[in-house]
Amino acid sequence: MSGPAGWAPYVTPDALGPFLAGRRWSGARGGAVRVLDVPTLAPLRGDPPTALATVRVAVGDGTPYELLVPLVRAADGGVEDAALDAGFRGWLYDAVRGGATLGGVLDAAPLDGAALPPSAGSRVSSAEQSNTSLVYPDAGVMLKLFRRVETGENPDVEVGRFLARRGFPHTPRLLGTLTLRRPGGDAVVGMAQQLVPGAEDAWAHAVRAAAAFLAGDAGGDYADEAGRLGAVTRALHDALAGDAADPDFAPEPATAADVARWAAAAERALGDAVRAAEGSAEPGAAVLHARQADVRGLIARTAASLGDDAGAAMRHHGDYHLGQVIRGSDGGLYVIDFEGEPAKPLAERRRKHAPLRDVAGMLRSFGYAAAFAERAADGSPQAAERVAAWEQGARRAFLDAYFAGGAAAYLPSTRAGEEALLALFELEKVVYEVTYELRNRPDWVGIPLAGLDRLARGSTIAG
C-alpha cells in the first residue's frame with residue numbers, strides 16, 4: 001500500500017475500506033469492503049493535492065474487482081472523492097477539451113477532432129449508481145467516469161463510436177475519452193458526450209403517464225410515446241446490425257446451440273429465484289415453488305419450438321429499460337448507457353446475443369412503471385384493472401412499432417418464432433426480477449410474479 005510521497009496514509013485498507021463502503025458506485029450497498037490492493041496511485045496535480053487511484057476490492061465472498069477512485073485532499077486533512085470537487089471537475093474537462101496526459105497515466109482526448117466548448121461550471125449528476133456523471137450545463141457536455149476498471153474496450157464507448165459511424169441519431173454524440181495507461185493493458189475509464197437539453201429519463205415520464213391514466217386524465221395516453229420508443233428501438237437494432245464487415249458487430253446466424261444456451265440461462269435464472277425463495281415468508285415465494293416445474297417445462301417447450309430459426313446473434317444494448325432512454329425537452333428519445341450490466345465481466349457484456357432480449361427488457365420495464373403508479377394509487381381492484389390496461393396498451397404500441405420495420409435477418413423468420421424467442425427472454429428476465437426483489441425488496445415480488453403468471457398462462461407477447 002505504499003505510494004507517492006504524502007499519499008500512503010490515505011490508501012491503506014483501514015482508510016479506504018470505510019471510504020468506499022459509503023459510495024454507491026463501489027458496489028458495497030452499505031456493507032463492508034475488503035481492500036486488496038492499490039494497483040494505480042498517481043499524483044495528478046498539487047493544488048489542491050489530487051491523485052488518481054485504482055483500488056482492487058471485494059465485497060463479502062465475491063469476485064474481486066477494480067474501482068476508479070480519484071482523490072483530493074480535503075481541508076480537514078482527510079481525502080474526498082475528487083469528482084465532488086468543482087476545481088477538479090473543471091480541470092478534468094479542460095484536459096479532455098484540449099487533450100493531455102495527466103499524471104503520466106491518464107490520457108484525456110477529444111474524439112475524432114470534436115470541438116468541445118469552454119465550460120464555466122459543473123455539477124455531479126445524482127441519477128446513477130455504478131458510474132459518476134459530471135455535468136457541464138453551459139458547455140452542453142456530460143463526462144461519465146466508469147468506476148469499474150477493466151482492461152479492453154468499454155462497450156459504451158465502442159458502441160457509441162459505431163453508432164456515430166452508422167449515422168444513428170437517437171444517442172448522444174460521443175465527444176471524448178479518458179484512457180488509463182498501464183503495463184497490463186489500457187482501460188477506458190471515462191467518456192464525454194453531448195448533453196441532451198432538458199433531459200429526463202423515460203422512466204419518470206412513463207410512471208407519470210400511468211398515474212394520469214389511473215386518474216382518468218387525458219395525459220395518461222401513452223400509446224404514441226410507446227410507439228415512438230418501439231420505432232427507435234428497431235432503428236437501434238437495424239443500425240447495430242448494419243455492418244457485416246466489422247467482426248465486432250457483424251451479426252452471426254443463431255444456431256440451435258445458441259437457443260440451447262439462452263434456454264440454459266433462463267433455467268439458471270429460475271434456479272436462482274427458487275433458491276432465493278427458500279425460507280422466505282413472502283406468499284409469492286410459495287407460488288414460485290409450486291410453479292417451478294411448470295416454468296421449467298415452458299422454457300423447454302419454448303426453446304424447442306424455435307429449432308434453429310432464431311435469427312441472429314449480434315451486439316445489442318444488453319441492459320435495456322426505460323431508465324436507459326432519455327427524453328429531450330422537444331420530446332426526442334435518446335438511448336444511453338451501452339455499457340451493459342457493470343457487474344458482469346467485460347467479455348460477457350460484449351458478447352453477441354439476440355436483439356429481442358432488449359425488447360423483453362423494455363416490456364418488463366412497462367410492467368414496473370404500471371406497478372409503481374398503482375402503488376401510489378388507492379390499490380383498489382379498479383386501479384389494478386386500469387393499470388393492467390395501461391401496460392397492455394404500452395406493450396402493444398411498442399411491439400407494433402418495432403415489428404412494423406418488417407422482416408430482418410436478425411429476427412426469426414415467422415411471427416410465431418418471434419413470439420417464442422421473446423417469451424423465452426421475458427421468462428429469463430422475470431425470474432431474475434423475482435430473485436432481485438426477494439433479496440432486496442420482498443414486498444415488491446408480486447410485480448414479477450404477476451408477469452410470470454401471465455407468461456405461464458400463455459398470454460401473447462402483446463398482452
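Scroll up to find the structure.
All values derive from a computational prediction rather than experimental measurement.

Outline the packing of aromatic side chains, listing residues and values.
All chains considered together, the criterion is met by eleven aromatic pairs. Each ring, one from Phe162 and one from Phe249, has its centre 3.9 Å from the other, and the planes form 5°; the classification is stacked. Of this pair, Phe162 sits in helix α3 (residues 155–166) while Phe249 sits in the loop between α5 (223–240) and β13 (252–253); the two residues are 87 residues apart in sequence, bridging distant segments of the chain. Residue Phe162 is classed as buried on the basis of its relative accessible area, which comes to 1%. Among the residues examined, Phe249 registers a relative accessible area of 2% and is labelled buried. On the numbers, 6.1 Å between centres and 80° between planes, the contact of Tyr222 with Phe366 is edge-to-face. One end of the pair, Tyr222, is in the loop between α4 (202–214) and α5; the other, Phe366, is in helix α9 (residues 356–376), with 144 residues separating them in the sequence. Pair check on accessibility: Tyr222 and Phe366 agree, each one buried. Of the aromatic side chains, those joined through ring pairs into one cluster are Tyr222, Phe366, Trp390 and Phe398. Above the face of the Trp25 ring, Arg147 is positioned so that its terminal group lies 3.7 Å from the ring centre. Geometry around Phe249 places Arg315 over its ring, the cationic atom sitting 4.8 Å from the centre.

Describe α9, listing the residues and the values that go with them.
Compared with an ideal rise of 1.5 Å per residue, which puts 21 residues at 30 Å, α9 spans 31 Å between its outermost C-alpha atoms and is within 8% of the ideal. Across the 21 residues of α9, 17 count as buried, placing the element largely inside the fold.

Talk me through the environment of Pro118; I want residue IDs and the actual numbers.
With respect to the helices and strands, Pro118 occurs in the loop between β6 (106–110) and β7 (123–124). Classification of Pro118 by relative accessible area gives exposed; the value is 52%. Taking C-alpha positions, Pro118 is 33 Å from Phe19, a pair spaced 99 residues apart along the chain. Not counting residues within four places of it along the chain, the set of residues in contact with Pro118 comprises Tyr93, Arg97, Asp138 and Ala139.

Go over the pattern of salt bridges, please, and point to the residues and values.
Within this structure, the stated rule accounts for 32 salt bridges. The salt bridge involving Glu225 is made with Arg327; its shortest N-O contact spans 2.6 Å. With Glu225 in helix α5 and Arg327 in strand β15 (residues 325–327), this pair connects stretches of sequence that are 102 residues apart. Taking relative accessible area as the criterion, Arg327 reaches 14% and is therefore assigned buried. One salt bridge in this structure joins Glu437 and Arg441, with 2.8 Å as the shortest N-O distance. The class of Glu437 is buried, set by a relative accessible area of 1%. Take Arg441: its relative accessible area is 27%, and that puts it in the partly exposed class. In the salt-bridge network here, residues are joined through shared partners; they are Glu158, Asp248, Arg315 and Arg350.

I'd like a rundown of the packing of helix α11 (residues 415–440) against helix α12 (residues 446–456), residues and numbers included.
Where α11 contacts α12, the axes come no closer than 9 Å and their chain directions differ by 150°. As the angle between them shows, α11 and α12 are arranged roughly antiparallel. Between α11 and α12 lies a crossing of left-handed hand. Where α11 abuts α12, its residues Glu426, Leu427, Val430, Val431, Glu433, Val434 and Glu437 lie against Pro448, Leu449, Gly451, Leu452, Arg454 and Leu455.

Calculation notes
- Residues numbered from 1 in each chain as written.
- Predicted model: local features only at pLDDT ≥ 70, side-chain atom pairs only at ≥ 80, totals over all residues.
- Heavy atoms only, no water.
- Phe/Tyr/Trp six-rings, centres within 6.5 Å; stacked < 30°, edge-to-face > 60°.
- Helix = DSSP H or I, 4+ residues; strand = E, 2+ residues; numbered from the N terminus.
- Buried < 20%, exposed > 50% of the residue type's maximum accessible area, 1.4 Å probe, protein only.
- Lys NZ or Arg CZ within 6 Å of the ring centre and 35° of its normal.
- Expected span 1.5 Å × (residues − 1).
- Contact = heavy atoms within 4.5 Å.
- Salt bridge = Lys/Arg side-chain N within 4 Å of Asp/Glu carboxyl O.
- Axes fitted to C-alpha atoms, helices over the stretch in contact; angles between N-to-C directions.
- Parallel < 35°, antiparallel > 145°, perpendicular 65-115°, else oblique.
- Left-handed = near helix turned anticlockwise from the far one by under 90°.

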